[in-house]
2 protein chains.
Amino acid sequence: MDRKAAVIAVGNEVVHGFIVDSNSAWLSQSLAELGFDVQFHMAVTDRLPDLTRRLKTALDEGLLIVTTGGIGPTVDDRTREAAAAALGVDLKLDLDDLARLQERYAAMARKFPEGSERQCMRPEGARLVPNAFGTASCFLARHGAGGIAAVPGVPREMMGVWNEELRKAVIEEFGLPNRYHSRELRVFGLPESDLNNRVRDLLESPQAEGAILVDDAVIRLRWRVQAETDDEVERKLRPLLTDARSRLGDLVFAEGDVSLEQATVDALRQAGLHVACAESCTGGLIAHLLTNVAGSSDVLLESAVTYSNEAKHARLGVFKKTLKEHGAVSEQTATEMARGMLKTNGADLAVAVTGIAGPTGGTPDKPVGTVWLAAAMGSDVRTWHLRVPGDRELVKSRTARTALNTLRLAALNGKLPEAISHWVSPP
Amino acid sequence: MDRKAAVIAVGNEVVHGFIVDSNSAWLSQSLAELGFDVQFHMAVTDRLPDLTRRLKTALDEGLLIVTTGGIGPTVDDRTREAAAAALGVDLKLDLDDLARLQERYAAMARKFPEGSERQCMRPEGARLVPNAFGTASCFLARHGAGGIAAVPGVPREMMGVWNEELRKAVIEEFGLPNRYHSRELRVFGLPESDLNNRVRDLLESPQAEGAILVDDAVIRLRWRVQAETDDEVERKLRPLLTDARSRLGDLVFAEGDVSLEQATVDALRQAGLHVACAESCTGGLIAHLLTNVAGSSDVLLESAVTYSNEAKHARLGVFKKTLKEHGAVSEQTATEMARGMLKTNGADLAVAVTGIAGPTGGTPDKPVGTVWLAAAMGSDVRTWHLRVPGDRELVKSRTARTALNTLRLAALNGKLPEAISHWVSPP
């Protein structure tokens, strides 16, 4: 069974970049759940010949094309005409559907807008897909192995029609075969290329389609299979996940859709630890990430964003002598920040960062991206020298995530960790 | 002059819907600024034959194709091979570029990862487009009226390479015709619908194409014209901008690509003011936004992210009695936080926020989104009661931006402002 699909987003505003098309991603996941292998997305203008040609080409490839947009009442809504032309049939007005729409306007005590009857037209032979979320009726036209399904462009309407009506209609037309399922591990602390080398054979497994997705600091290691039941998914994917986990150890911070900050808060809560942060170059980002997690007040007491030297001294007790002799970006300052933070409240664990985020402030000895990170737990203190590549925002973001990972590993192991990320510079 | 372009996003993760492709929208706007008429976007898998065929078809249509993604070091990065095949040329390793990449790893004291040399390959005859934002070199290959330009998939890297290098290279290859130019005002503090009503006639001016773009809190008011010279742009757009500014006053915080945090830091610097923040529900976000601005250390002394009641008392001197009698989310607590912050350092101006970001913690009296904001300047203190709609992240983000705007207006006017945003609840 080889069912293929494509998504076509219709509208100048998408092609010209004034709207980011999130519909295609959503529809692709929904199509995969029904067992369709999505071949491509496309965003096309509402020029009729162009749209017709693209639809025709995709129909000839045997695809089920889901179009989003271009079915409203205005003159630049041309998906209906293009679909009929591509299918080689006439466009027909559904009089029953029109009566329903007129009643709807009457019930709202509103005049029926001129031209709105266009929304009740569809290619001959296509089935009506009712739209309870808006005024434009949708349709599904079968054609060979594929066909055309037309839904609105407004995301909320599109999702509503899919979930309430179109999903059912597609299953009735095409049946419900083996569907695609995926599982992923989330990884932090090594470069993409190293990860690739360590799990290359697992990514290329004939069992499943593997992929690596990178987001600055966090890496997603994902496998996708076709399967009928959850048991079958587990049987096919669990060995790969288990093998990858055993190779990567603590580098894996979660399975599934879990952020590093969520995993950090979870680990701290499970260990019953309260934490505090002392931030200079991250400027509050560590606390911001932690507090994005609902319930983070269970584990986070406070963060002192001590941007000036005076604040490092006044809030955290960093010695003026230390700041003068070693500078604000130094192992000594970071150590005193972490110790000072732990001393001034009831936290079990503190992390401190001080560094040069750039673009200015770098020196040959301490270039932009130089960061000292210190963690204190009870009487234990440990420091790391980071060399973080990237611009100001990247240095902040990578440093903050390294700090989160330090907290996470300390919570998991009950003691301060050794390796916290690949941005640690070898001594 | 008829220059046409298309954007092709490469990667299974995009086609399967695991990533929403925002690159294509951004690139389309950037291509329009260089006078290209974008014909379509497409997202294709990293299957080599498929990718090659799509590129070939678009080349045959005379398009400049910008590809995003698929140029990294891993086995599923196949844009380079596909581009060479579509162009009908060999793929060549650039040894100078390789030496540069190896030096870069050496400078970071990191081992050169196996397979990374792939990132220095490009189709024969293509020009190198350096990438200062990552390890994958980019390229531009001319082919008939169009060609292929390859940039990374990571948005930040893609934008960096475009702005720093590719834009120049495209102008060198294709020349610079009558371009679309736009000017925009950035606005904060009123709802989109109100803004629309106040400037509707200006948006519908026959002089230029007007648009309102919304980003949660900040609104962009933009006009676009086709023009040959900067003088012509000014002549066409300045009257509209001036009129809009005079209607909107302080609601306009900048002209052009300036963030609210940048405008805030600029205003504070110009007024010679030093600020400090006391954050509860924003959890460090106010400081994070301010410190995203290079040079913010000129104006920001510190932020105390006092998440627990203990920290509010210990760091800011909020009375235990106040916390007990009025609660952490109250006018009294916010006032004592702002006053306490000003008392404990040499700041001229302090802002404090305490609220309920959700999803839990709301009560009938103080539902999720209830926020008290206080500002202190010298001996003056003012408070505002906000009712901020949205989920946890939106409440944080809208509250933080309201706090920034408070600082900005205080710096502009030399005194605490009255109106700070439309989320202030009428008494």
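Residues numbered from 1 in each chain as written. Chains lettered and ligands numbered in written order. Predicted model: local features only at pLDDT ≥ 70, side-chain atom pairs only at ≥ 80, totals over all residues.

Caption draft 1: Fine view of the overall build of chain A. Secondary structure assignment for chain A yields 14 helices and 17 strands. Taken against the 2.2 N^0.38 rule, which gives 22 Å for 427 residues, the C-alpha radius of gyration of chain A at 28 Å runs more than 25% over that of a compact globule. Overall size of chain A, expressed as C-alpha extent along the three principal axes, is 85 × 50 × 40 Å. Among the 427 residues that make up chain A, the fraction classed as buried is 52%. Partitioning the contacts of chain A with sequence separation of at least 6, the portion at a separation of at least 24 is 66%. (Helix = DSSP H or I, 4+ residues; strand = E, 2+ residues; numbered from the N terminus. Rg over C-alpha atoms; globule rule 2.2 N^0.38 Å. Buried ≥ 20, exposed ≤ 12 C-beta atoms within 10 Å, placed from the backbone. Contact = placed C-beta atoms within 7 Å.)

Caption draft 2: Broad picture of the domain arrangement of chain A. Each assigned domain of chain A is listed with its residue range as follows: domain 1 (4-174), domain 2 (179-255) and domain 3 (260-413). A separation of 35 Å is found between the C-alpha centroids of domain 1 of chain A and domain 2 of chain A. (Domains from an automatic or database assignment.)

Caption draft 3: Highlighting the interface of chain A and chain B. Facing the 59 residues of chain A at the interface are 59 residues of chain B. Secondary structure elements with two or more residues in the side of chain A that touches chain B: helix 2 (23-33), strand 2 (37-44), helix 7 (192-203), strand 10 (209-215), helix 10 (285-291), strand 14 (300-306), helix 11 (309-316) and helix 14 (392-413) of chain A. The element contributing the most residues to the side of chain A that touches chain B is strand 14 of chain A, with 7 residues. Looking at the side of chain A that touches chain B residue by residue, the classes come out as 29 nonpolar, 22 polar and 8 charged. (Nonpolar A, V, L, I, M, F, W, Y, C, P; charged D, E, K, R; others polar.)

Caption draft 4: Spotlight on the pairing of strand 1 (residues 4-10) of chain B. Residue and element names in this part refer to chain B. Among the 7 residues that make up strand 1, 6 are buried, leaving the element largely enclosed by the rest of the structure. Both strand 1 and strand 2 (residues 37-44) contribute to a ladder of 7 bridges, which runs parallel. Across the sheet, alanine 6 pairs through a bridge with phenylalanine 40, a residue of strand 2. Taken together, the 5 bridges between strand 1 and strand 3 (residues 64-68) define a ladder with parallel strand orientation. Across the sheet, residue alanine 9 finds its bridge partner in strand 3, namely threonine 68. (Pairing = 2+ DSSP bridges.)

Caption draft 5: Here's a closer look at the packing of helix 7 of chain A against helix 8 (residues 230-248) of chain A. All names here are of chain A. Closest axis-to-axis distance for the helix 7/helix 8 pair is 10 Å, and the angle between their directions is 165°. Between helix 7 and helix 8, the angle is such that the two are roughly antiparallel. For the element pair helix 7 and helix 8, the recorded crossing hand is right-handed. Seen from helix 7, the contacting residues are Arg198, Val199 and Leu202; seen from helix 8, they are Leu240, Asp243, Ala244, Arg247 and Leu248. (Axes fitted to C-alpha atoms, helices over the stretch in contact; angles between N-to-C directions. Parallel < 35°, antiparallel > 145°, perpendicular 65-115°, else oblique. Left-handed = near helix turned anticlockwise from the far one by under 90°.)

Caption draft 6: Structural context of the nonpolar core. Ala338(A), Ala350(A), Ala338(B) and Ala350(B) are the most contacted members of the largest nonpolar core, which totals 163 residues. Setting aside anything within four residues of it in sequence, one finds Ala338(B) in contact with Ala278(B), Ala350(B), Val351(B), Ala352(B), Ala374(B), Ala375(B), Ala376(B) and Val381(B). Listed in part, the 103 residues of the second largest apolar core include Val15(A), Ala25(A), Leu27(B) and Phe40(B). (Core = buried A, V, L, I, M, F, W, Y, C linked by C-beta atoms within 7 Å.)

Caption draft 7: Focus on the packing of helix 3 (residues 48-60) of chain A against helix 4 (residues 79-87) of chain A. Residues and elements named next belong to chain A. Packing of helix 3 against helix 4 leaves a shortest axis separation of 8 Å and a crossing angle of 45°. Classified by the angle between their axes, helix 3 and helix 4 sit oblique to one another. As helix 3 runs across helix 4, the sense of the crossing is right-handed. Touching Leu48, Leu51, Thr52, Leu55, Lys56 and Leu59 of helix 3 are Thr79, Glu81, Ala82, Ala83, Ala85 and Ala86, all from helix 4. The residue makeup of the contact of helix 3 with helix 4, split by class, is 8 nonpolar, 2 polar and 2 charged.

Caption draft 8: Seen up close, helix 14 of chain A. Over its 22 residues, helix 14 of chain A extends 32 Å from the first C-alpha to the last, a length consistent with the 32 Å expected when each residue adds 1.5 Å. Just beyond helix 14 of chain A, the residue with positive phi is Gly414(A), at close to 70°. (Expected span 1.5 Å × (residues − 1).)

Caption draft 9: Highlighting helix 13 (residues 331-343) of chain A. Compared with the 18 Å implied by 1.5 Å per residue over 13 residues, the 18 Å span of helix 13 of chain A between its first and last C-alpha is a close match. Every buried residue of helix 13 of chain A is accounted for by Thr333(A), Ala334(A), Thr335(A), Glu336(A), Met337(A), Ala338(A), Arg339(A), Gly340(A), Met341(A) and Leu342(A).

Caption draft 10: Layout of the sheet that holds strand 9 (residues 179-188) of chain B. Residue and element names in this part refer to chain B. In space, the 4 strands of this open sheet follow the order 10-11-9-12, with antiparallel pairing throughout. The open sheet is flanked by strand 10 (209-215) and strand 12 (252-255), the only strands paired with a single partner. Sheet twist, expressed as the average angle between the axes of neighbouring strands with direction ignored, equals 25°. Most of the contacts of helix 7 (residues 192-203) go to strand 10, to which it runs at about 165°, and overall it touches strand 9, strand 10 and strand 11 (218-227).

Caption draft 11: Highlighting unusual backbone geometry. With an omega of 0°, the peptide bond running from Gly358(A) to Pro359(A) counts as cis. Note that Pro359(A) resides in the loop between strand 15 (349-355) and strand 16 (370-377).

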